[in-house]
Amino acid sequence: MAAASCLDPDLVREVLECPICLETYNQDQLRPKLLQCGHSVCRQCLEKLLASTINGVRCPFCSKVSRMSSISQLADNLTVLKIIDCASSCGSAAGLMCKSCKNRLPRQYCCDCSVVLCDACKVEGHQHQGHTVQTIRTAAEQRRKDLGGRLTSLRDTMANIQKKKAAIDSVSKSLRLKYKAVQQEYARAELQLQEELGRSRRAFAASLAEVEKLNSQILEEQTYLLNIAEVQVVSRCDYLTMRIKQTDTALLEEAGGNDEEELDVKSNLPVLLKLQEPELVKTENPQSLDMGQLTTKQCTVNTDEEDGQELAAAPPLSPPPLPL
Ligand SMILES: [Zn+2]
Ligand SMILES: [Zn+2]
Ligand SMILES: [Zn+2]
Ligand SMILES: [Zn+2]
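It should be emphasised that the depicted structure is a prediction, and the values quoted were computed from it without experimental measurement.

(A) Broad picture of the coordination of the zinc ion (ligand 1). Only Cys18 (SG), Cys21 (SG), Cys42 (SG) and Cys45 (SG) from the protein coordinate the zinc ion (ligand 1), and they sit 2.2 to 2.3 Å from it. Classification of the site at the zinc ion (ligand 1) rests on its four donor atoms, whose angles at the metal span 103 to 114 degrees, yielding the label tetrahedral. Ordering the donors of the zinc ion (ligand 1) by residue number gives the pattern C-x2-C-x20-C-x2-C. Remark: Cys42 occurs in strand β2 (residues 40–42) and Cys21 occurs in the loop between α2 (9–16) and β1 (32–34); sequence separation between them is 21 residues. Classification of Cys21 as partly exposed rests on a relative accessible area of 28%. Judged by relative accessible area, which is 0%, Cys42 ranks as buried.

Okay, structure coming up:
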């Protein structure tokens, strides 16, 4: 069939059919005979023409008269014979011929049997059976139209697929941007929290240093006072020891108020120290160090719409909690 589809069937018919009886030439009764004008008719038709004239045959195409008295005076159309011979020997003739009689060139097509038929075969076995028979040209046009329709439909489908692919591409790109934005937002919140923690730590350290300073001032002051009292007590002890060791006379000679005088140290010793004991009271603020949780919202993408790639922006049900 491939070979047949390359050849214009009308052209093939013009070459291989007798233009008078419309039968396909063969090697016998329908042998192609070449008229003097160059046109061909079959032997059978030529005999009929010759029977009705006296000294020549008028060409049915160009009206030129080929002068002769016997068919044997006209040559065979060897080119046509060669084609017929070749076609029947290499088998491709079967592809060109009527599928029913395999003898004549087809002009008709049976839509029910999907075969090409010659005019003689189309009635018997097809039209009589109620089959739909069209000329090959009409059937081919119909088929061409069907195929064209299917092609158009496939091209539409392809365009639709490409549009959807583009929409998905675009959505994917837009989602990637959103992932990045959310991540950056988290990083910013983290940085802010770190700054806040630093501020808090510095304030805490300053308060603690203040307490430490106040406490050590009090303690140093008291230590200083105790040192002085200690020195006083030691020197008094030394004096009294020395007095005890003196001779009786000397001890009694210097009787007087001096060594009777008691050193009033006790009343000056510290009893109550007012100090600051540090204690950490934690703020109730952060239950944990979660800066935020990821929430998502349902979004639908319509790949059929032009702007389907833009994510439908509905406000989120719960905004991400950022304790800052
Ligand atoms: Zn003929
Ligand atoms: Zn002619
Ligand atoms: Zn046939
Ligand atoms: Zn049929």
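(B) Quick look at the UniProt feature "coiled-coil region" (unreviewed entry) in the protein. If you check UniProt for "coiled-coil region" (unreviewed entry), the listed places come out as residues 172–199 in our numbering. Between the end C-alpha atoms of residues 172–199 the distance is 41 Å, and the span holds 100% helix and 0% strand.

(C) Highlighting the pattern of salt bridges. This structure, assessed with the given rule, holds eight salt bridges. One salt bridge in this structure joins Arg104 and Glu23, with 2.6 Å as the shortest N-O distance. Pair noted here: Arg104 is in the loop between α5 (92–96) and β5 (108–110) and Glu23 is in the loop between α2 and β1, with a separation of 81 residues, a long-range link. Given a relative accessible area of 22%, Arg104 falls into the partly exposed group.

(D) Seen up close, the sheet that holds β5. Judged by pairing direction, the sheet is antiparallel, and its three strands sit side by side in the order β6-β5-β7 without closing on themselves. The open sheet terminates on both sides in strands that have one partner only, identified here as β6 (115–117) and β7 (133–135). In this sheet, neighbouring strand axes are inclined to one another by 35 degrees on average, regardless of whether the strands run parallel or antiparallel. The pairing of β5 with β7 spans three bridges and is antiparallel. Pairing of Gln108 across the sheet is with Thr135, part of β7. Its contacts with the sheet place helix α7 (residues 136–245) against β5, β6 and β7, and it is angled at close to 95 degrees to β7.

(E) Representation of the side chain of Lys122 in the model. Along the polypeptide, Lys122 turns up in helix α6 (residues 119–123). The side chain of Lys122 sits in the buried core without any salt bridge; Asp119 is the nearest counter-charge, 4.4 Å away. When near neighbours in sequence (up to four residues on either side) are disregarded, Lys122 contacts Gln108, Leu117, Gln127 and Val133.

(F) Broad picture of helix α3 (residues 43–51). Residues of α3 that are buried: Cys45, Leu46 and Leu50. Down the axis of α3, the sector holding all buried residues measures 135 degrees, keeping them to one side. Pointing more than 90 degrees away from the buried face of α3 are the exposed residues Lys48 and Ala51. Elements in contact with the buried residues of α3: β1, β2 and β3 (56–58).

(G) Quick peek at a nonpolar patch on the surface. A cluster of nonpolar side chains, namely Phe204, Leu208 and Leu280, defines an oily patch on the protein surface of about 290 Å² accessible area. Within the secondary structure, Phe204 is located in helix α7. For Phe204, a relative accessible area of 44% corresponds to the partly exposed category.

(H) The arrangement of the coordination of the zinc ion (ligand 3) in detail. For the zinc ion (ligand 3), the protein coordination sphere consists of Cys98 (SG), Cys101 (SG), Cys118 (SG) and Cys121 (SG), at 2.1 to 2.5 Å. Taken together, the four donor atoms coordinating the zinc ion (ligand 3) and their angles of 102 to 121 degrees define a geometry best described as tetrahedral. Sequence spacing of the donor residues for the zinc ion (ligand 3), all on one chain, is C-x2-C-x16-C-x2-C. Taken together, the residues Cys101 in the loop between α5 and β5 and Cys121 in helix α6 connect sequence positions 20 residues apart. For Cys121, a relative accessible area of 11% corresponds to the buried category.

Cut-offs and rules
Residues numbered from 1 in each chain as written. Chains lettered and ligands numbered in written order. Predicted model: local features only at pLDDT ≥ 70, side-chain atom pairs only at ≥ 80, totals over all residues. Heavy atoms only, no water. Donors = N, O, S within 2.8 Å, 3.2 Å for Na, K, Ca; no water. Tetrahedral: all angles 85-135°; square planar, octahedral: opposite > 155°, others 65-115°. Helix = DSSP H or I, 4+ residues; strand = E, 2+ residues; numbered from the N terminus. Buried < 20%, exposed > 50% of the residue type's maximum accessible area, 1.4 Å probe, protein only. UniProt positions renumbered as here; feature names shortened; annotations may be inferred. Salt bridge = Lys/Arg side-chain N within 4 Å of Asp/Glu carboxyl O. Pairing = 2+ DSSP bridges. Axes fitted to C-alpha atoms, helices over the stretch in contact; angles between N-to-C directions. Contact = heavy atoms within 4.5 Å. Lys, Arg positive; Asp, Glu negative; His and termini not counted. Arc of directions from axis to C-beta. Patch = residues over 30% accessible without salt bridge, like charges linked within 9 Å, V, L, I, M, F, W, Y side chains within 5 Å. Areas by Shrake-Rupley, 256 points an atom, 1.4 Å probe, with all protein chains shown as cover.

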